[in-house]
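Coordinate inspection notes
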Amino acid sequence: MFDKRAGPGGVPAHIIPSFRLAREDLAADVARLTKLGVEFRFDANIRSAEELRTQGFDTIFIATGAHKAKDLTLKGKGVRVIHALDFLDVCMREGVETFKTTASGLVVGGGNTACDAVRMATRIPMVQTVLWSYRRTRREMPADTEEFDNALREAAACNRQHTTETTGTAPIVTHSIAPDLENNQQASPLLELSLPELIEPGKVTLRRMHLGEKDRSGRRKPVPSDETFSVACDLLIAAVGEEPDIDFLRLFGVEVDGNGRPRVDSTTLEACPGVFVG
C-alpha cells in the first residue's frame, strides 16, 4: 500500500478529529492489515500506472477517494477563508492553537465534514462564537444525525458561554435567519437557508435562500432571495463538498464522466486494463 503521508490511515487518521474517531481503533485496523501481510510504503508520490508497473505491479487499485475540496464562490476580502479539510488537517497536525487569533468562526456546509469543522472550531482557545451556514434547511442536510446533533450542541454551548460572559448579545451585524439571534442567547448557531456571498474585514454577508423544486439529488433546490444579512466573522471554513482529483486519475489512464467521477465497470471496478478505482 502506497501512501503519500508519513503514516497510515488516510483521512480517518489525519483529517477526522480524534474526538470523533479513536486513534486506538485505527491502530488496531492497521495492525490487522500488517498481520495479513500488507506492506506499507509511506512518503510515496506515485504519478502513473507505468511507474508502478516498472516495479513489478500488474494490478493497481486506486483508493484515493474524493479528497479535493470544492470552492465556495465569494466576493471581497478581509476574512481568512480555508477549506474544511485543510482546517482539520492543520488542527490535527499543529493543534487548534494555530487559529488562536480567531474570535468569530463561520462554517459553511451540511455534511459530516462541516460537522467536524464546527466541533473543531469550538475548541479554538480564544473563539467567542461559532456559527454554521447551510443553504437548505436541517431536514435536507446529508450529515449523519448523530454528527449533526453533536456539532449543533457544542456550537450552542460555546456561543452561550461567551455571550453570557461578555455582552449578553450574539455578534450579529444586521438581520439573521436564526430566531431572534440578536437578542436571544439560546438561539441556534445554525443559519438555515443562507449562503455567504461577500466578505469584508470582520464580517460576512449572507444571502437568504428559499427552497424551490427538487433537483437531481432529490432535494429541493436552494433559490436566492433579495434579502441579505451579515454576521461577525474573521475565519470562514468552507465545507461545501469534495470531489476526486481528476488530473491524478487521468495520469493512470482513468476516464471520468461529466460529474468528474471515474468511469469503472460496475461489477469489477476496473477503469482500464489492470487499473481499478474504488
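First, a word on scope: everything that follows refers to the structure included in this document. Note that the structure is predicted; figures quoted are calculated from it, not measured. (Residues numbered from 1 in each chain as written. Predicted model: local features only at pLDDT ≥ 70, side-chain atom pairs only at ≥ 80, totals over all residues. Heavy atoms only, no water.)

Another aspect to go through is the pairing of strand S8 (residues 194–200). Judged from the 2 bridges that link them, strand S3 (residues 75–76) and S8 form a sheet pairing that is parallel. For glycine 76, the partnering residue across the bridge sits in S8 and is isoleucine 199. Strand direction decides the pairing type here: S8 and strand S9 (residues 203–214), joined by 6 bridges, are antiparallel. Across the sheet, residue leucine 195 finds its bridge partner in S9, namely arginine 207. (Pairing = 2+ DSSP bridges. Helix = DSSP H or I, 4+ residues; strand = E, 2+ residues; numbered from the N terminus.)

This paragraph deals with the pattern of salt bridges. Pairing is possible between side chains that carry opposite charge, provided their charged atoms lie close to one another. This structure, assessed with the given rule, holds 14 salt bridges. Glutamate 154 serves as the salt-bridge partner of arginine 119, at 2.8 Å between the closest nitrogen and oxygen. In this pair, arginine 119 sits in helix H5 (residues 112–121) while glutamate 154 sits in helix H6 (residues 145–165), placing the two residues 35 residues apart along the sequence. Of the two residues, arginine 119 and glutamate 154, both sit in the buried class. Glutamate 227 is the salt-bridge partner of arginine 208, the closest N and O atoms lying 3.5 Å from each other. With arginine 208 in strand S9 and glutamate 227 in strand S10 (residues 220–232), this residue pair connects regions lying 19 residues apart in the sequence. (Salt bridge = Lys/Arg side-chain N within 4 Å of Asp/Glu carboxyl O. Buried < 20%, exposed > 50% of the residue type's maximum accessible area, 1.4 Å probe, protein only.)

What the 5 strands build is an open sheet, ordered S4-S11-S5-S6-S7; its pairing is parallel. Single-partner strands in this sheet number two, and they are strand S4 (80–83) and strand S7 (190–191). Two elements, strand S6 (residues 129–133) and S7, share 2 bridges in a ladder whose sense is parallel. Bridged to tryptophan 132 within S7 is leucine 190. Running at roughly 170° to S6, H5 makes contact with strand S5 (104–108), S6 and strand S11 (235–238) of the sheet. (Contact = heavy atoms within 4.5 Å. Axes fitted to C-alpha atoms, helices over the stretch in contact; angles between N-to-C directions.)

Before going further, it helps to examine the packing of aromatic side chains. Scanning the entire structure with this criterion turns up 5 aromatic pairs. Ring centres of tryptophan 132 and phenylalanine 148 lie 5.5 Å apart, and the angle between their planes is 45°; this geometry places the pair in the tilted category. Of this pair, tryptophan 132 sits in strand S6 while phenylalanine 148 sits in helix H6, and the two are 16 residues apart along the sequence. Judged by relative accessible area, which is 11%, phenylalanine 148 ranks as buried. The ring of phenylalanine 19 carries arginine 123 above its face, with NZ or CZ at 3.9 Å from the centroid. (Phe/Tyr/Trp six-rings, centres within 6.5 Å; stacked < 30°, edge-to-face > 60°. Lys NZ or Arg CZ within 6 Å of the ring centre and 35° of its normal.)

This next bit is on unusual backbone geometry. Although it is not a glycine, aspartate 43 adopts a positive phi angle of roughly 55°. Mapped onto the fold, aspartate 43 is located in the loop between helix H2 (23–35) and helix H3 (49–53). Not every positive phi belongs to a glycine, and leucine 193 is a case in point at roughly 55°.

Read these as spatial facts, not as claims about activity.
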